Amino acid sequence: MPSKKKRKRGGERPVIHPRNKYSENPPDFGLLASLYPSFEPYVFYSHGGRPRIDWTDFNATRELTRVLLLHDHGLNWWIPDGQLCPTVPNRLNYIHWIEDLLASDLIPCTLGNSVVKGFDIGTGANCIYPLLGASLLGWTFVGSDVTDVAIEWANRNVDGNPHVSELIEIRRVDTEIKIFDAEELQNRQKDNINSYVDSSNIKSVDMGPAPSFSLRSHSAKKSYHGPPVLVGVIKDWESFDFCMCNPPFFETMEEAGLNPKTSCGGTPEEMVCLGGEEAFITRIIEDSAQVKHTFRWYTSMVGRKSNLNILTSKLWNVGVTVVKTTEFVQGHTSRWGLAWSFMPPSRKMLFSHVTEKKNLSFMLEGLQRQHSAFHVLQSVESFLCSSGASCKLNAATFNIDITASQNHCNTILKGETQNKNEAVRCKNELEISSTLNYNNCQSDDLRFRISVFQQIPGTLLVRATLHQKESSSSGLFSLIFEQLEEVLKNKFCTDRVLADGSCSYPRR
Ligand SMILES: C[S@@+](CC[C@H](N)C(=O)[O-])C[C@H]1O[C@@H](n2cnc3c(N)ncnc32)[C@H](O)[C@@H]1O
(Lines give C-alpha, C1' and ligand atoms only; values in the text may rest on other atoms or scores of the structure.)
Protein backbone atom coordinates (compact mmCIF):
# COMPACT_ATOMS: atom_id res chain seq x y z
CA MET A 1 0.00 0.00 0.00
CA PRO A 2 1.38 3.45 -0.74
CA SER A 3 2.45 5.14 2.44
CA LYS A 4 -0.02 7.00 4.53
CA LYS A 5 0.79 10.64 4.95
CA LYS A 6 2.32 11.32 8.31
CA ARG A 7 3.47 14.75 9.29
CA LYS A 8 7.27 14.49 9.16
CA ARG A 9 9.20 16.38 11.77
CA GLY A 10 11.13 19.06 9.97
CA GLY A 11 9.45 18.28 6.65
CA GLU A 12 7.17 20.76 4.96
CA ARG A 13 3.73 19.60 4.09
CA PRO A 14 3.36 19.39 0.34
CA VAL A 15 0.22 21.01 -0.90
CA ILE A 16 -2.20 20.40 -3.70
CA HIS A 17 -0.77 21.96 -6.85
CA PRO A 18 -1.61 25.68 -6.90
CA ARG A 19 -3.09 25.45 -10.38
CA ASN A 20 -5.20 22.45 -9.45
CA LYS A 21 -8.80 23.44 -9.92
CA TYR A 22 -9.60 22.07 -6.48
CA SER A 23 -6.74 23.70 -4.55
CA GLU A 24 -8.90 26.59 -3.37
CA ASN A 25 -12.31 25.07 -4.02
CA PRO A 26 -12.68 21.45 -3.07
CA PRO A 27 -15.62 19.65 -4.67
CA ASP A 28 -18.91 20.83 -3.20
CA PHE A 29 -20.90 17.62 -2.73
CA GLY A 30 -24.04 19.52 -1.78
CA LEU A 31 -23.99 21.57 -4.95
CA LEU A 32 -23.22 18.54 -7.10
CA ALA A 33 -26.08 16.61 -5.47
CA SER A 34 -28.49 19.43 -6.23
CA LEU A 35 -27.38 19.57 -9.86
CA TYR A 36 -27.04 15.85 -10.57
CA PRO A 37 -29.91 13.68 -9.28
CA SER A 38 -27.85 10.51 -9.92
CA PHE A 39 -25.30 11.72 -7.36
CA GLU A 40 -27.82 12.85 -4.77
CA PRO A 41 -28.47 9.39 -3.19
CA TYR A 42 -24.78 9.10 -2.31
CA VAL A 43 -24.63 12.34 -0.35
CA PHE A 44 -25.46 12.49 3.35
CA TYR A 45 -24.95 15.20 5.93
CA SER A 46 -22.75 15.04 9.03
CA HIS A 47 -23.93 16.37 12.41
CA GLY A 48 -22.34 19.69 11.59
CA GLY A 49 -24.35 19.81 8.35
CA ARG A 50 -21.40 19.10 6.07
CA PRO A 51 -22.28 17.12 2.94
CA ARG A 52 -20.27 13.89 2.72
CA ILE A 53 -20.07 10.67 0.77
CA ASP A 54 -19.17 7.18 1.88
CA TRP A 55 -15.69 6.70 0.49
CA THR A 56 -15.90 2.97 1.06
CA ASP A 57 -18.77 2.70 -1.43
CA PHE A 58 -17.41 2.12 -4.95
CA ASN A 59 -20.64 3.35 -6.55
CA ALA A 60 -20.37 6.63 -4.64
CA THR A 61 -16.74 7.27 -5.60
CA ARG A 62 -17.45 6.37 -9.24
CA GLU A 63 -20.46 8.67 -9.39
CA LEU A 64 -18.44 11.47 -7.82
CA THR A 65 -15.74 11.06 -10.46
CA ARG A 66 -18.37 11.01 -13.18
CA VAL A 67 -20.06 14.22 -12.04
CA LEU A 68 -16.78 16.03 -11.39
CA LEU A 69 -15.50 15.19 -14.87
CA LEU A 70 -18.78 16.33 -16.36
CA HIS A 71 -19.33 19.41 -14.25
CA ASP A 72 -15.79 20.77 -14.10
CA HIS A 73 -14.22 19.40 -17.27
CA GLY A 74 -17.11 18.84 -19.67
CA LEU A 75 -16.16 15.17 -20.02
CA ASN A 76 -18.52 12.22 -20.44
CA TRP A 77 -17.10 9.26 -18.60
CA TRP A 78 -17.87 5.85 -17.20
CA ILE A 79 -16.19 2.62 -16.14
CA PRO A 80 -17.58 -0.84 -15.48
CA ASP A 81 -17.99 -2.18 -11.92
CA GLY A 82 -14.74 -2.97 -10.17
CA GLN A 83 -12.38 -1.11 -12.51
CA LEU A 84 -9.99 1.35 -10.94
CA CYS A 85 -11.84 4.60 -10.24
CA PRO A 86 -9.59 7.66 -10.34
CA THR A 87 -9.90 10.56 -7.92
CA VAL A 88 -9.92 13.65 -10.11
CA PRO A 89 -8.03 16.15 -7.86
CA ASN A 90 -5.24 13.63 -7.33
CA ARG A 91 -4.83 12.89 -11.02
CA LEU A 92 -4.80 16.61 -11.79
CA ASN A 93 -1.76 17.13 -9.57
CA TYR A 94 0.26 14.80 -11.79
CA ILE A 95 -0.92 16.57 -14.94
CA HIS A 96 0.06 19.97 -13.52
CA TRP A 97 3.44 18.69 -12.40
CA ILE A 98 4.16 17.55 -15.95
CA GLU A 99 2.94 20.90 -17.17
CA ASP A 100 5.56 22.51 -14.88
CA LEU A 101 8.30 20.23 -16.17
CA LEU A 102 7.46 21.08 -19.76
CA ALA A 103 7.27 24.79 -18.98
CA SER A 104 10.61 24.86 -17.17
CA ASP A 105 13.77 25.60 -19.11
CA LEU A 106 15.55 22.74 -17.43
CA ILE A 107 15.25 20.45 -20.44
CA PRO A 108 14.71 22.62 -23.48
CA CYS A 109 12.05 21.65 -25.93
CA THR A 110 13.86 20.42 -29.03
CA LEU A 111 11.36 17.97 -30.46
CA GLY A 112 9.61 20.53 -32.61
CA ASN A 113 6.13 19.09 -31.98
CA SER A 114 3.55 21.77 -32.63
CA VAL A 115 1.36 20.35 -29.86
CA VAL A 116 2.47 18.63 -26.71
CA LYS A 117 2.49 14.87 -27.19
CA GLY A 118 2.29 12.52 -24.23
CA PHE A 119 2.35 8.78 -23.74
CA ASP A 120 0.27 7.34 -20.90
CA ILE A 121 1.60 3.92 -19.95
CA GLY A 122 -1.37 1.88 -18.71
CA THR A 123 -4.15 4.32 -19.39
CA GLY A 124 -6.75 1.98 -17.91
CA ALA A 125 -10.46 1.73 -18.66
CA ASN A 126 -10.76 5.17 -17.09
CA CYS A 127 -8.32 6.80 -19.53
CA ILE A 128 -8.13 9.61 -17.02
CA TYR A 129 -4.83 11.23 -17.91
CA PRO A 130 -5.45 11.59 -21.65
CA LEU A 131 -8.95 12.90 -20.99
CA LEU A 132 -7.74 15.51 -18.49
CA GLY A 133 -4.59 16.45 -20.41
CA ALA A 134 -6.45 16.85 -23.68
CA SER A 135 -9.45 18.74 -22.30
CA LEU A 136 -7.52 20.99 -19.94
CA LEU A 137 -4.36 21.69 -21.91
CA GLY A 138 -4.98 20.55 -25.48
CA TRP A 139 -2.27 17.88 -25.25
CA THR A 140 -2.30 14.91 -27.58
CA PHE A 141 -1.86 11.42 -26.19
CA VAL A 142 -1.15 7.84 -26.94
CA GLY A 143 -2.64 5.78 -24.11
CA SER A 144 -1.48 2.18 -23.95
CA ASP A 145 -2.91 -0.79 -22.14
CA VAL A 146 -2.89 -4.56 -22.14
CA THR A 147 -6.35 -5.71 -21.10
CA ASP A 148 -9.41 -6.03 -23.29
CA VAL A 149 -11.59 -4.19 -20.81
CA ALA A 150 -9.18 -1.27 -20.58
CA ILE A 151 -8.89 -0.95 -24.34
CA GLU A 152 -12.65 -1.22 -24.86
CA TRP A 153 -13.58 1.31 -22.16
CA ALA A 154 -10.76 3.70 -22.84
CA ASN A 155 -11.99 3.82 -26.44
CA ARG A 156 -15.57 4.34 -25.26
CA ASN A 157 -14.47 7.18 -23.00
CA VAL A 158 -12.56 8.80 -25.84
CA ASP A 159 -15.37 8.36 -28.35
CA GLY A 160 -17.87 9.81 -25.86
CA ASN A 161 -15.96 13.10 -25.98
CA PRO A 162 -15.81 14.25 -29.60
CA HIS A 163 -14.17 17.55 -28.58
CA VAL A 164 -11.01 15.69 -27.54
CA SER A 165 -11.28 12.37 -29.37
CA GLU A 166 -9.02 13.54 -32.20
CA LEU A 167 -6.28 14.16 -29.67
CA ILE A 168 -6.18 10.68 -28.15
CA GLU A 169 -5.08 7.35 -29.58
CA ILE A 170 -5.64 4.22 -27.54
CA ARG A 171 -2.97 1.64 -28.32
CA ARG A 172 -3.15 -2.04 -27.42
CA VAL A 173 0.16 -3.46 -26.25
CA ASP A 174 1.04 -6.65 -28.05
CA THR A 175 1.14 -9.06 -25.12
CA GLU A 176 2.67 -11.75 -27.32
CA ILE A 177 5.88 -9.81 -27.53
CA LYS A 178 8.45 -10.77 -24.95
CA ILE A 179 11.02 -8.10 -24.26
CA PHE A 180 14.07 -9.27 -22.43
CA ASP A 181 15.64 -6.87 -20.03
CA ALA A 182 19.33 -6.09 -19.90
CA GLU A 183 20.13 -8.80 -17.38
CA GLU A 184 18.15 -11.50 -19.14
CA LEU A 185 19.87 -10.68 -22.41
CA GLN A 186 23.26 -10.89 -20.77
CA ASN A 187 22.42 -14.22 -19.18
CA ARG A 188 21.14 -15.59 -22.43
CA GLN A 189 24.18 -14.40 -24.29
CA LYS A 190 26.35 -16.05 -21.69
CA ASP A 191 24.45 -19.29 -22.03
CA ASN A 192 24.86 -19.20 -25.81
CA ILE A 193 21.18 -19.31 -26.42
CA ASN A 194 20.75 -18.49 -30.05
CA SER A 195 17.05 -18.07 -30.26
CA TYR A 196 14.87 -16.03 -27.97
CA VAL A 197 11.73 -17.64 -29.31
CA ASP A 198 10.31 -20.23 -26.99
CA SER A 199 8.14 -23.19 -27.84
CA SER A 200 4.89 -21.39 -27.06
CA ASN A 201 5.47 -19.18 -30.09
CA ILE A 202 6.31 -16.09 -28.09
CA LYS A 203 7.78 -13.41 -30.30
CA SER A 204 10.85 -11.68 -29.06
CA VAL A 205 12.22 -8.21 -29.52
CA ASP A 206 15.93 -7.93 -29.06
CA MET A 207 16.64 -4.60 -27.44
CA GLY A 208 20.10 -4.52 -28.97
CA PRO A 209 23.36 -5.17 -27.21
CA ALA A 210 22.84 -5.54 -23.50
CA PRO A 211 23.89 -2.36 -21.77
CA SER A 212 26.81 -2.74 -19.42
CA PHE A 213 24.84 -1.52 -16.42
CA SER A 214 22.75 -3.77 -14.27
CA LEU A 215 19.60 -2.37 -12.77
CA ARG A 216 18.51 -5.30 -10.74
CA SER A 217 21.47 -6.52 -8.82
CA HIS A 218 19.90 -6.09 -5.39
CA SER A 219 16.88 -8.28 -5.87
CA ALA A 220 16.15 -10.76 -8.61
CA LYS A 221 12.53 -11.04 -7.53
CA LYS A 222 11.92 -7.42 -8.51
CA SER A 223 12.20 -8.25 -12.21
CA TYR A 224 9.41 -7.38 -14.55
CA HIS A 225 8.37 -10.23 -16.81
CA GLY A 226 5.21 -8.77 -18.29
CA PRO A 227 4.30 -7.37 -21.68
CA PRO A 228 6.29 -4.54 -23.27
CA VAL A 229 6.05 -1.12 -21.71
CA LEU A 230 7.73 1.39 -24.04
CA VAL A 231 10.14 -0.55 -26.27
CA GLY A 232 7.94 -2.60 -28.58
CA VAL A 233 5.00 -0.23 -28.10
CA ILE A 234 6.22 3.11 -29.38
CA LYS A 235 6.91 3.33 -33.11
CA ASP A 236 10.33 3.99 -34.58
CA TRP A 237 9.34 7.37 -35.98
CA GLU A 238 7.56 8.67 -32.88
CA SER A 239 8.83 11.21 -30.38
CA PHE A 240 7.06 12.45 -27.27
CA ASP A 241 7.33 15.37 -24.91
CA PHE A 242 6.69 13.12 -21.96
CA CYS A 243 5.48 9.78 -20.77
CA MET A 244 3.52 9.26 -17.60
CA CYS A 245 2.45 6.21 -15.67
CA ASN A 246 0.35 5.24 -12.71
CA PRO A 247 1.88 1.77 -12.45
CA PRO A 248 0.49 -1.36 -10.87
CA PHE A 249 1.84 -0.52 -7.43
CA PHE A 250 1.49 -3.84 -5.70
CA GLU A 251 2.87 -7.35 -5.69
CA THR A 252 -0.34 -8.97 -4.42
CA MET A 253 -4.02 -8.06 -4.16
CA GLU A 254 -3.79 -8.43 -0.37
CA GLU A 255 -1.27 -5.59 -0.37
CA ALA A 256 -3.53 -3.55 -2.67
CA GLY A 257 -6.55 -3.93 -0.42
CA LEU A 258 -5.03 -2.47 2.70
CA ASN A 259 -6.85 0.84 2.75
CA PRO A 260 -10.24 0.19 4.35
CA LYS A 261 -11.15 3.88 4.24
CA THR A 262 -11.71 4.08 0.50
CA SER A 263 -13.10 1.98 -2.26
CA CYS A 264 -11.70 2.94 -5.60
CA GLY A 265 -12.04 -0.49 -7.16
CA GLY A 266 -9.16 -1.93 -9.11
CA THR A 267 -8.80 -5.39 -10.63
CA PRO A 268 -5.65 -7.52 -10.22
CA GLU A 269 -4.63 -6.62 -13.78
CA GLU A 270 -4.70 -2.95 -12.80
CA MET A 271 -3.21 -3.13 -9.35
CA VAL A 272 -0.67 -5.94 -9.34
CA CYS A 273 2.40 -7.04 -11.21
CA LEU A 274 5.20 -9.41 -10.31
CA GLY A 275 7.77 -7.35 -8.47
CA GLY A 276 5.26 -4.50 -7.92
CA GLU A 277 5.96 -0.92 -8.85
CA GLU A 278 9.70 -1.27 -8.39
CA ALA A 279 9.86 -3.88 -11.14
CA PHE A 280 7.45 -2.03 -13.42
CA ILE A 281 9.20 1.32 -13.13
CA THR A 282 12.58 -0.35 -13.45
CA ARG A 283 11.36 -1.60 -16.81
CA ILE A 284 10.37 1.93 -17.78
CA ILE A 285 13.88 3.05 -16.78
CA GLU A 286 15.49 0.24 -18.80
CA ASP A 287 13.33 1.08 -21.79
CA SER A 288 14.09 4.77 -21.45
CA ALA A 289 17.80 3.99 -21.51
CA GLN A 290 17.21 2.26 -24.85
CA VAL A 291 15.20 5.00 -26.51
CA LYS A 292 16.70 7.95 -24.61
CA HIS A 293 15.92 11.05 -26.67
CA THR A 294 12.59 9.77 -27.96
CA PHE A 295 11.08 11.45 -24.91
CA ARG A 296 11.92 14.82 -23.46
CA TRP A 297 10.74 13.77 -20.01
CA TYR A 298 10.07 10.31 -18.62
CA THR A 299 7.84 10.30 -15.55
CA SER A 300 6.11 7.86 -13.27
CA MET A 301 4.13 7.87 -10.07
CA VAL A 302 5.72 5.99 -7.21
CA GLY A 303 3.67 4.62 -4.33
CA ARG A 304 6.40 4.00 -1.78
CA LYS A 305 8.96 6.49 -0.69
CA SER A 306 11.53 3.74 -0.17
CA ASN A 307 11.22 2.85 -3.86
CA LEU A 308 11.88 6.46 -4.80
CA ASN A 309 15.39 6.14 -3.40
CA ILE A 310 16.02 2.82 -5.11
CA LEU A 311 14.71 4.03 -8.46
CA THR A 312 16.59 7.32 -8.26
CA SER A 313 19.91 5.55 -7.91
CA LYS A 314 19.00 3.26 -10.79
CA LEU A 315 18.41 6.35 -12.88
CA TRP A 316 21.84 7.80 -12.17
CA ASN A 317 23.31 4.40 -13.09
CA VAL A 318 21.85 4.51 -16.57
CA GLY A 319 23.22 7.96 -17.27
CA VAL A 320 20.25 10.29 -17.04
CA THR A 321 21.07 13.99 -17.05
CA VAL A 322 18.47 15.05 -14.53
CA VAL A 323 16.13 13.58 -11.94
CA LYS A 324 13.23 15.42 -10.39
CA THR A 325 10.91 14.22 -7.67
CA THR A 326 7.84 15.62 -6.04
CA GLU A 327 5.28 14.54 -3.49
CA PHE A 328 1.59 14.32 -4.22
CA VAL A 329 -0.72 14.35 -1.24
CA GLN A 330 -4.35 13.57 -1.23
CA GLY A 331 -6.16 13.13 2.02
CA HIS A 332 -4.08 10.75 4.09
CA THR A 333 -2.21 9.20 1.20
CA SER A 334 1.09 10.29 -0.27
CA ARG A 335 2.50 9.34 -3.60
CA TRP A 336 5.57 10.59 -5.34
CA GLY A 337 6.35 11.77 -8.84
CA LEU A 338 9.62 10.73 -10.42
CA ALA A 339 10.85 12.40 -13.61
CA TRP A 340 14.05 12.04 -15.60
CA SER A 341 15.57 12.92 -18.92
CA PHE A 342 18.51 12.02 -21.09
CA MET A 343 18.55 15.34 -22.86
CA PRO A 344 21.23 17.92 -22.09
CA PRO A 345 19.97 20.41 -19.54
CA SER A 346 19.89 24.08 -20.30
CA ARG A 347 22.26 26.40 -18.46
CA LYS A 348 19.59 29.09 -18.48
CA MET A 349 17.61 27.28 -15.81
CA LEU A 350 20.25 27.92 -13.25
CA PHE A 351 19.82 31.59 -13.37
CA SER A 352 16.10 31.65 -13.92
CA HIS A 353 15.32 30.27 -10.49
CA VAL A 354 18.32 31.17 -8.42
CA THR A 355 19.05 34.81 -8.85
CA GLU A 356 15.81 36.36 -7.81
CA LYS A 357 15.84 36.24 -4.02
CA LYS A 358 18.01 38.13 -1.62
CA ASN A 359 16.47 36.58 1.51
CA LEU A 360 15.82 32.90 1.92
CA SER A 361 14.67 30.96 4.94
CA PHE A 362 13.51 27.60 6.16
CA MET A 363 12.30 26.15 9.45
CA LEU A 364 13.90 23.38 11.42
CA GLU A 365 11.07 21.76 13.31
CA GLY A 366 10.92 19.03 15.90
CA LEU A 367 14.40 19.60 17.28
CA GLN A 368 15.27 17.62 20.32
CA ARG A 369 15.99 19.41 23.56
CA GLN A 370 19.76 18.90 23.36
CA HIS A 371 19.95 20.74 20.02
CA SER A 372 20.06 24.49 20.55
CA ALA A 373 20.29 27.35 18.08
CA PHE A 374 23.98 27.49 18.83
CA HIS A 375 24.49 23.86 17.78
CA VAL A 376 22.76 24.62 14.53
CA LEU A 377 24.92 27.70 14.04
CA GLN A 378 28.04 25.60 14.62
CA SER A 379 26.87 23.08 12.04
CA VAL A 380 26.30 25.88 9.54
CA GLU A 381 29.81 27.09 10.23
CA SER A 382 31.42 23.70 9.85
CA PHE A 383 29.44 22.95 6.68
CA LEU A 384 30.44 26.18 4.98
CA CYS A 385 33.96 26.51 6.38
CA SER A 386 35.00 23.03 5.32
CA SER A 387 34.97 24.37 1.76
CA GLY A 388 37.58 26.94 2.78
CA ALA A 389 35.11 29.84 2.82
CA SER A 390 35.65 32.50 5.47
CA CYS A 391 33.05 32.33 8.27
CA LYS A 392 32.76 34.82 11.13
CA LEU A 393 30.51 33.48 13.84
CA ASN A 394 28.95 35.95 16.23
CA ALA A 395 27.59 33.93 19.15
CA ALA A 396 25.91 36.97 20.71
CA THR A 397 23.73 37.73 17.70
CA PHE A 398 23.50 34.16 16.36
CA ASN A 399 24.86 35.20 12.98
CA ILE A 400 27.58 33.95 10.71
CA ASP A 401 28.97 36.18 7.98
CA ILE A 402 30.30 34.18 5.07
CA THR A 403 32.56 35.17 2.24
CA ALA A 404 33.00 32.47 -0.35
CA SER A 405 34.94 32.53 -3.57
CA GLN A 406 33.54 30.74 -6.58
CA ASN A 407 35.86 27.83 -5.90
CA HIS A 408 34.48 27.58 -2.38
CA CYS A 409 30.94 27.69 -3.72
CA ASN A 410 31.65 24.98 -6.21
CA THR A 411 33.26 22.80 -3.55
CA ILE A 412 30.13 23.17 -1.42
CA LEU A 413 27.81 22.41 -4.30
CA LYS A 414 29.75 19.41 -5.45
CA GLY A 415 28.97 17.92 -2.04
CA GLU A 416 32.62 17.57 -1.16
CA THR A 417 32.06 19.09 2.25
CA GLN A 418 29.67 16.51 3.66
CA ASN A 419 28.38 13.06 2.97
CA LYS A 420 24.98 13.70 1.60
CA ASN A 421 22.11 12.38 -0.36
CA GLU A 422 23.32 11.01 -3.67
CA ALA A 423 20.48 12.45 -5.67
CA VAL A 424 21.15 15.95 -4.45
CA ARG A 425 24.88 15.58 -5.02
CA CYS A 426 24.35 14.46 -8.59
CA LYS A 427 21.75 17.12 -9.18
CA ASN A 428 24.12 19.76 -7.99
CA GLU A 429 26.98 18.37 -10.04
CA LEU A 430 24.78 18.67 -13.01
CA GLU A 431 23.56 22.11 -12.16
CA ILE A 432 26.94 23.54 -11.39
CA SER A 433 28.61 22.10 -14.45
CA SER A 434 27.14 24.97 -16.39
CA THR A 435 27.76 27.43 -13.58
CA LEU A 436 31.45 26.68 -13.55
CA ASN A 437 31.79 27.70 -17.16
CA TYR A 438 29.74 30.78 -16.63
CA ASN A 439 31.61 31.81 -13.54
CA ASN A 440 35.09 31.39 -14.95
CA CYS A 441 34.90 34.85 -16.35
CA GLN A 442 33.71 36.43 -13.08
CA SER A 443 35.80 37.40 -10.11
CA ASP A 444 33.74 38.63 -7.15
CA ASP A 445 33.02 36.65 -4.01
CA LEU A 446 29.67 35.63 -2.62
CA ARG A 447 28.94 37.37 0.69
CA PHE A 448 25.98 36.46 2.81
CA ARG A 449 24.82 36.16 6.40
CA ILE A 450 23.14 33.17 8.01
CA SER A 451 21.06 33.86 11.13
CA VAL A 452 19.41 31.35 13.39
CA PHE A 453 16.37 32.34 15.47
CA GLN A 454 14.42 30.33 17.96
CA GLN A 455 10.71 30.55 17.15
CA ILE A 456 9.23 28.33 19.81
CA PRO A 457 10.96 25.55 21.73
CA GLY A 458 11.98 22.87 19.23
CA THR A 459 11.58 25.14 16.20
CA LEU A 460 14.28 27.30 14.64
CA LEU A 461 14.20 29.65 11.72
CA VAL A 462 17.33 29.69 9.56
CA ARG A 463 17.60 32.75 7.38
CA ALA A 464 20.15 33.75 4.76
CA THR A 465 20.63 37.29 3.51
CA LEU A 466 22.67 37.99 0.44
CA HIS A 467 24.77 41.11 0.78
CA GLN A 468 25.23 41.93 -2.88
CA LYS A 469 22.35 40.88 -5.05
CA GLU A 470 24.03 41.68 -8.34
CA SER A 471 27.12 39.55 -7.80
CA SER A 472 28.04 37.14 -10.55
CA SER A 473 28.02 34.43 -7.85
CA SER A 474 24.59 35.30 -6.55
CA GLY A 475 23.19 32.54 -8.74
CA LEU A 476 24.87 30.08 -6.42
CA PHE A 477 23.32 31.54 -3.31
CA SER A 478 20.04 29.68 -3.38
CA LEU A 479 21.68 26.43 -4.47
CA ILE A 480 24.02 26.60 -1.49
CA PHE A 481 21.20 27.48 0.85
CA GLU A 482 19.12 24.61 -0.50
CA GLN A 483 22.01 22.29 0.21
CA LEU A 484 22.47 23.71 3.70
CA GLU A 485 18.78 23.11 4.37
CA GLU A 486 19.15 19.49 3.36
CA VAL A 487 22.20 18.97 5.55
CA LEU A 488 20.65 20.60 8.61
CA LYS A 489 17.35 18.78 8.23
CA ASN A 490 19.12 15.47 7.83
CA LYS A 491 21.19 16.19 10.91
CA PHE A 492 18.63 17.72 13.25
CA CYS A 493 15.24 16.52 12.05
CA THR A 494 15.76 12.82 12.35
CA ASP A 495 12.47 11.62 10.83
CA ARG A 496 13.44 13.02 7.49
CA VAL A 497 14.33 10.28 5.08
CA LEU A 498 14.91 11.65 1.62
CA ALA A 499 15.76 14.88 -0.07
CA ASP A 500 12.85 15.88 -2.22
CA GLY A 501 14.02 17.57 -5.36
CA SER A 502 10.58 18.89 -6.13
CA CYS A 503 10.52 21.63 -8.66
CA SER A 504 6.88 22.47 -8.64
CA TYR A 505 5.64 23.32 -5.19
CA PRO A 506 6.84 26.39 -3.37
CA ARG A 507 8.96 25.30 -0.42
CA ARG A 508 9.37 28.55 1.32
C1 LIG B 1 -2.94 1.35 -11.77
S2 LIG B 1 -3.67 1.16 -13.34
C3 LIG B 1 -3.69 2.85 -13.89
C4 LIG B 1 -4.89 3.22 -14.70
C5 LIG B 1 -5.01 4.74 -14.96
N6 LIG B 1 -3.88 5.24 -15.67
C7 LIG B 1 -5.19 5.49 -13.67
O8 LIG B 1 -4.32 6.29 -13.31
O9 LIG B 1 -6.21 5.29 -13.01
C10 LIG B 1 -2.38 0.41 -14.25
C11 LIG B 1 -2.76 0.08 -15.67
O12 LIG B 1 -1.60 -0.42 -16.33
C13 LIG B 1 -2.01 -1.44 -17.24
N14 LIG B 1 -0.81 -2.20 -17.60
C15 LIG B 1 -0.19 -3.20 -16.95
N16 LIG B 1 0.90 -3.58 -17.64
C17 LIG B 1 0.99 -2.79 -18.74
C18 LIG B 1 1.88 -2.68 -19.83
N19 LIG B 1 2.94 -3.47 -19.96
N20 LIG B 1 1.65 -1.73 -20.76
C21 LIG B 1 0.57 -0.92 -20.67
N22 LIG B 1 -0.31 -0.99 -19.66
C23 LIG B 1 -0.11 -1.90 -18.71
C24 LIG B 1 -3.08 -2.17 -16.47
O25 LIG B 1 -3.91 -2.92 -17.31
C26 LIG B 1 -3.80 -1.01 -15.82
O27 LIG B 1 -4.84 -0.54 -16.63
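Everything numeric here is computed off the predicted structure, so don't read it as measured data.

Conventions we followed
Residues numbered from 1 in each chain as written. Predicted model: local features only at pLDDT ≥ 70, side-chain atom pairs only at ≥ 80, totals over all residues. UniProt positions renumbered as here; feature names shortened; annotations may be inferred. Helix = DSSP H or I, 4+ residues; strand = E, 2+ residues; numbered from the N terminus. Buried ≥ 20, exposed ≤ 12 C-beta atoms within 10 Å, placed from the backbone. Contact = placed C-beta atoms within 7 Å. Near = placed C-beta within 6 Å. Nonpolar A, V, L, I, M, F, W, Y, C, P; charged D, E, K, R; others polar. Axes fitted to C-alpha atoms, helices over the stretch in contact; angles between N-to-C directions. Parallel < 35°, antiparallel > 145°, perpendicular 65-115°, else oblique. Left-handed = near helix turned anticlockwise from the far one by under 90°. pLDDT = per-residue confidence, 0-100.

Caption draft 1: Representation of the UniProt feature "binding site: S-adenosyl-L-methionine" (unreviewed entry) in the chain. The UniProt feature table records "binding site: S-adenosyl-L-methionine" (unreviewed entry) at Arg91, Gly122, Asp145 and Asn246. Structurally, Arg91 is set in helix α3 (residues 88-103). Note on Arg91: 21 C-beta atoms within 10 Å, which makes it buried. Excluding residues that lie within four positions of it along the chain, Arg91 makes contacts with Pro86, Ile128, Tyr129 and Leu132. Structurally, Asp145 is set in strand β4 (residues 140-145).

Caption draft 2: Structural detail: the site of the ligand. Around the ligand sit 22 residues, and of these Gly122, Gly124, Pro227, Asn246 and Glu270 come closest. Residue assignment for the shell around the ligand shows that the elements contributing at least two residues are α4 (128-137), β4 and α9 (268-271). Looking at side-chain class alone, the shell around the ligand contains eleven nonpolar, eight polar and three charged residues.

Caption draft 3: Broad picture of the environment of Ile168. Within the element layout of this structure, Ile168 appears in strand β5 (residues 168-172). Using a count of 27 C-beta atoms within 10 Å as the deciding quantity, one classes Ile168 as buried. Each C-alpha atom, one on Ile168 and one on Lys117, is 9.7 Å from the other, the two residues being 51 residues apart in sequence. Excluding its chain neighbours within four sequence positions, the residues that come into contact with Ile168 are Pro130, Ala134, Phe141, Gly143 and Val158.

Caption draft 4: Inspection of the packing of helix α10 (residues 276-291) against helix α11 (residues 305-317) at higher detail. Two elements in contact, α10 and α11, have axes whose closest approach is 11 Å; the angle formed by their N-to-C orientations is 20°. It follows that α10 is roughly parallel to α11 by the angle criterion. Note that α10 runs across α11; the crossing there is right-handed. Each of Glu277, Glu278, Ile281, Thr282 and Ile285 in α10 lies in contact with α11, whose residues at this interface are Asn307, Ile310, Leu311, Lys314 and Leu315. Considering only residue class, the contact of α10 with α11 consists of five nonpolar, two polar and three charged.

Caption draft 5: Spotlight on the confidence of the model for the chain. Predicted confidence across the chain gives a mean pLDDT of 79, with 74% of residues reaching 70 or more. In the model, residues 192-220 has pLDDT below 50 throughout and makes 46 contacts with residues more than four positions away in sequence or in other chains. Predicted confidence for residues 417-443 stays below pLDDT 50, and this span has 55 contacts to residues more than four positions away or in other chains. Note on the complex model: pTM 0.67, ipTM 1.00.

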